[in-house]
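The primary structure of each chain is shown beneath.
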Amino acid sequence: MSTVSAGPTARPQETAPAREAAGEVQLAITGMHCASCVTRVEEALDHVEGVAGASVNLATERAAVRLARPVALERLIAAVQAAGYGARAVEAGGDDQGEARRARERAALQRRFVFAAALGAPVVALGNLGMLPPLAWIPAPVQNWIQLVLSAPVEWWAGWPFVLGAWIAIRRRAPDMNLLIGLGTTAAWGYSAVATVAPRALESAGAAPHVYFDTAVVITTLILLGRVLEARARAGASSAIRRLMELGARYARRVRGGSIEQVPLDQIALGDELQVRPGEKVPVDGTVIEGRSSVDVSMLTGEPIPVEVGPGDAVTGATVNQTGAFRMRAERLGADSTLMRIVRLVEQAQTGKAAAQKLADRVAAVFVPVVIGIALVTFVLWFALGGEPRLAHALLMAVAVLIIACPCALGLATPTALMVGTGRGAELGVLIRGADVLESAERVRVVVFDKTGTLTRGRPDLAEIVPAPGGDATRVLALAAAIERHSEHPLAAAIVRAADARGARAAEALEGFGAVPGRGAVALAGGQVALLGNPALLAEHNVPLESLDPERARLEGEGRTVIALAAGGRALGLIAVDDTLKPDARAALESLDRAGYESWMITGDQPRTAHAVGRAVGIPETRVLAGVLPAEKSAQVTALRGGGRGVAMVGDGINDAPALAAADLGIAMGGGTDIAIEASGITLVRGDLSGVVTALALARRTMQVIRQNLFWAFVYNTLGIPIAAGLLYPLLRAGGPIGPLFGWQGTLNPMLASLAMAFSSVSVVMNSLRLRRFSA
């Protein structure tokens, strides 16, 4: 249900050159009120030539239109207007006008509700307590006129959106929720107005001149209250994108001709040189070209530890510079930036639909005409078979059916849960593409992990130092680092990092360096020839390694890369380097095991290394697929799917993309390649494996909430309509303590029906908002 508006806001577009869109375009839609509105907008867009599909979200008031070829935006907007709604193109996450409009609508709702409640209170008092002192001293005709005067502004101003919406629905032959409310309140108020102004006309027609102004004003007031509460809840539910957008910088300091000028972000061009001062947000994605600093990247990683950056290092827009100043080159702007890609993923997720919601939309599209038919049958039966005064009772029964049957809860069941669930996921570093991804995630029972960069850090690290008998491990590391500082090899970087971390410095002065391709390096240190490389290098120089052979065999058996160091013709020791596991790898897989998932590992590494990693994280050897070429990974994943179980693939590299696409659910590590992320349904922004546990648990929880919402929405309408039509009449005709609630001899009071209708929509939204407290 959207906030109250004065019906569809379709307006002629200003004359302007045709704007063409390609790929996917986002439209902000106005004038929608229920799930049937969603269906009509989608059908209108689907019929535009060149549109591959459209998905409209009632909660976000957005339409995601997928285009098979370029289409003029004006054609899309005109199609929506022809269906009776307003539309305009918006950028992903950038609908500031829409947010301002929704804020104005919430304020207008508040005013209408307060006005209706203030004037409605004396109407309700006169309608229900008019026979008691001191109100009884006022003659009944006078009481009726007072109610007429007070209720008229409520019906025709506070409730005008419903009345106007009902007329528009009739004129366009497109029945919706407003038609149900407008018919109900207008019928009750109109009958009462005739009974007040011309009571004898009703008496001559055999009808009692009773008034039901209180019914009309209470229905209007309660529905307005429900919409106020719902609008507030929806504002909170859709706050994820707002919070993401607020992370970005507004201005940048551009360097030109030796001077620095502060300019809005939209004036920055690719290649511009920017100055970033301490405490400022990094304005855009780019590369540091001068200066050093530490940058708080917790926006991306969730980790409070700052990252040191210097020339050549990449920096991300919206992260916070801390200690030093630096200059950078702008490389990714606007929609291409990391922040906007995250926003786009969240928006795509919030605009999707679960299969269950698609069924609900189809039901809602035919629901309103069916309800109007039931209301007419109810009126006829009660008028023919009911007690006196027949016309009044038949009218109230029909009004109760119209009011209680509003299908708003059906329309809100999925989008609100999807908005809150995906928004909460974004806060936890889990980006979910859409409702179909949630449904796929819920079916998953097997999780396949790539090794390098997924279970491991993706870069070599020093694992162990084994000095020769009588040797010193610190000296081995220090001398090796002194040699490797002249090398660009990844293994060399691992040794240098370890030496720096441990403060290991070589005592010998390095006098010369030479690389031996495929073998290692030779240097002159302290007047002696030093060799650093694989054991084959030492063998070529006749340096014996027999004393270290047992340790060498052990290290290689553990799947580590072994580097040997010698000086002066004597072996000094071995250095083992490997790609270490991520700290949370084992804990994450243990959590998956407890949750009932089956973990597998797939890698192109040799079996000895793969099985060592598998043992370290608790994956049995029978579930380790080693020596698998990149082209074969997708075939292995497909084979696992053959057992009828849902399979999720977790990876980060280009070689993982086919397997990610082949799985029921692809999960990409946030630090991975763009192609891997594009091939996935879920992206883990922070890159830690606990995100896999969080993603699967959040998917299951969100789908559970969606099913709860749909169940209660269907149950509400299934039970509410028969009750409103008089199902309880045979059981409650004798009255009793709940008789006043059910009105005349066990029939449902329309005021109670309106309260129940409002409560159903609010309860669906509130149930969805529980996802904001989700934690894995």
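Here, the structure is the one placed above.
Let me begin by describing the structure that accompanies this report. Fair warning: this is a prediction, and the values are worked out from it, not measured in the lab.

## Overview of the overall build of the chain
Scanning the chain from terminus to terminus reveals 28 helices and 28 strands. In the chain, which comprises 776 residues, the proportion classed as buried is 53%. Of all intrachain contacts in the chain linking residues separated by at least 6 positions in sequence, the fraction that spans at least 24 positions is 70%. Carbon and sulfur atoms make up 58% of the accessible area of the chain, which amounts to about 32,800 Å² in all.

## Things to note about the packing of aromatic side chains
This structure, assessed with the given rule, holds five aromatic pairs. Taken together, a centroid distance of 5.7 Å and an interplanar angle of 90° make the contact between Trp156 and Trp189 edge-to-face. Of this pair, Trp156 sits in helix α4 (residues 140-158) while Trp189 sits in helix α6 (residues 177-197), placing them 33 residues apart in sequence. Judged by its relative accessible area of 36%, Trp156 is partly exposed. Taking the relative accessible area as the measure of exposure, Trp189 reaches 13% and is therefore buried. When the ring of Phe379 is compared with that of Phe383, the centres are 6.0 Å apart and the planes differ by 5°; the resulting orientation is stacked. In this pair, Phe379 and Phe383 both sit in helix α12 (residues 355-385), four residues apart, roughly one turn of the helix. Given a relative accessible area of 25%, Phe379 falls into the partly exposed group. On the accessibility criterion, Phe383 (40% relative accessible area) is partly exposed. An aromatic cluster of at least three residues, connected via ring pairs, comprises Trp156, Trp189 and Phe213. Between Arg112 and the ring centre of Trp157, over which it is positioned, the NZ or CZ distance is 4.8 Å.

## Some words on the sheet that holds strand β9 (residues 273-276)
One open sheet holds the six strands; their spatial order is β8-β7-β9-β15-β10-β13, and the pairing between them is antiparallel. Edge positions in the sheet fall to β8 (259-264) and β13 (314-315), since each has one partner strand and no second. Sheet analysis places strand β10 (residues 285-290) next to strand β15 (residues 326-332), joined by five bridges and oriented antiparallel. When the sheet's bridge partners are listed, Gly286 is paired in β15 with Ala330.

## Some words on the side chain of Ser151
The residue Ser151 is located in helix α4 in this model. For Ser151, the side chain forms a polar contact with the main-chain oxygen of Leu148, separated by 3.3 Å. Within the local environment of Ser151, its side chain forms a polar contact with the side chain of Trp189, the two groups lying 2.9 Å apart. Sequence-distant contacts of Ser151, defined by excluding residues within four places in its chain, comprise Val123, Trp189, Phe213 and Val217.

## Examining the packing of α4 against helix α5 (residues 160-171)
Relative to each other, α4 and α5 sit at 55°, their axes nearing to 5 Å. Classified by the angle their axes make, α4 and α5 are oblique. Contact residues: Glu155, Trp156, Trp157 and Ala158 in α4; Trp160, Pro161 and Val163 in α5. For the contact of α4 with α5, a count of residues per class yields six nonpolar, no polar and one charged.

## Some remarks on the sheet that holds strand β12 (residues 307-309)
Here we have three strands laid out as an open sheet, ordered β12-β11-β14, and antiparallel in their pairing. Each having just a single partner strand, β12 and β14 (320-321) make up the two edges of the open sheet. Sheet analysis places strand β11 (residues 293-296) next to β14, joined by two bridges and oriented antiparallel. The residue bridging Asp296 from the neighbouring strand is Val320, located in β14.

## Some details on the pattern of salt bridges
Counted according to the given criterion, the structure contains 18 salt bridges. One salt bridge connects Glu598 with Arg645, and the closest N-O pair in it is separated by 3.2 Å. With Glu598 in strand β24 (residues 598-602) and Arg645 in the loop between α23 (630-641) and β26 (646-651), this residue pair connects regions lying 47 residues apart in the sequence. For Arg645, a relative accessible area of 32% gives the class partly exposed. The network of salt bridges with shared partners includes Arg254, Glu261 and Asp272.

## Concerning helix α2 (residues 73-82)
Buried within α2 are the following residues: Leu73, Leu76, Ile77, Ala79, Val80 and Gln81. Taken from the residues just after α2, Gly84 is the one with a positive phi, measuring 100°.

## A few points about the nonpolar core
Within the largest apolar cluster, 46 residues are counted, with the highest numbers of intra-cluster contacts made by Val447, Phe449, Leu665, Ile682, Val692 and Leu696. Here this core gets ten residues from one element, more than from any other, and that element is helix α26 (residues 690-725). When near neighbours in sequence (up to four residues on either side) are disregarded, Leu696 contacts Ala441, Val444, Val447, Leu592, Tyr597 and Leu665. The next biggest cluster of nonpolar side chains, apart from the first, holds 29 residues, and it includes Val211, Ala216, Val218 and Leu396.

Conventions used here
Residues numbered from 1 in each chain as written. Predicted model: local features only at pLDDT ≥ 70, side-chain atom pairs only at ≥ 80, totals over all residues. Heavy atoms only, no water. Helix = DSSP H or I, 4+ residues; strand = E, 2+ residues; numbered from the N terminus. Buried < 20%, exposed > 50% of the residue type's maximum accessible area, 1.4 Å probe, protein only. Contact = heavy atoms within 4.5 Å. Areas by Shrake-Rupley, 256 points an atom, 1.4 Å probe, with all protein chains shown as cover. Phe/Tyr/Trp six-rings, centres within 6.5 Å; stacked < 30°, edge-to-face > 60°. Lys NZ or Arg CZ within 6 Å of the ring centre and 35° of its normal. Pairing = 2+ DSSP bridges. Polar contact = N/O pair within 3.5 Å; in protein donor to acceptor, adjacent residues only side chain to side chain. Axes fitted to C-alpha atoms, helices over the stretch in contact; angles between N-to-C directions. Parallel < 35°, antiparallel > 145°, perpendicular 65-115°, else oblique. Nonpolar A, V, L, I, M, F, W, Y, C, P; charged D, E, K, R; others polar. Salt bridge = Lys/Arg side-chain N within 4 Å of Asp/Glu carboxyl O. Core = buried A, V, L, I, M, F, W, Y, C linked by side-chain atoms within 4.5 Å.

These figures come from the coordinates and say nothing about function on their own.
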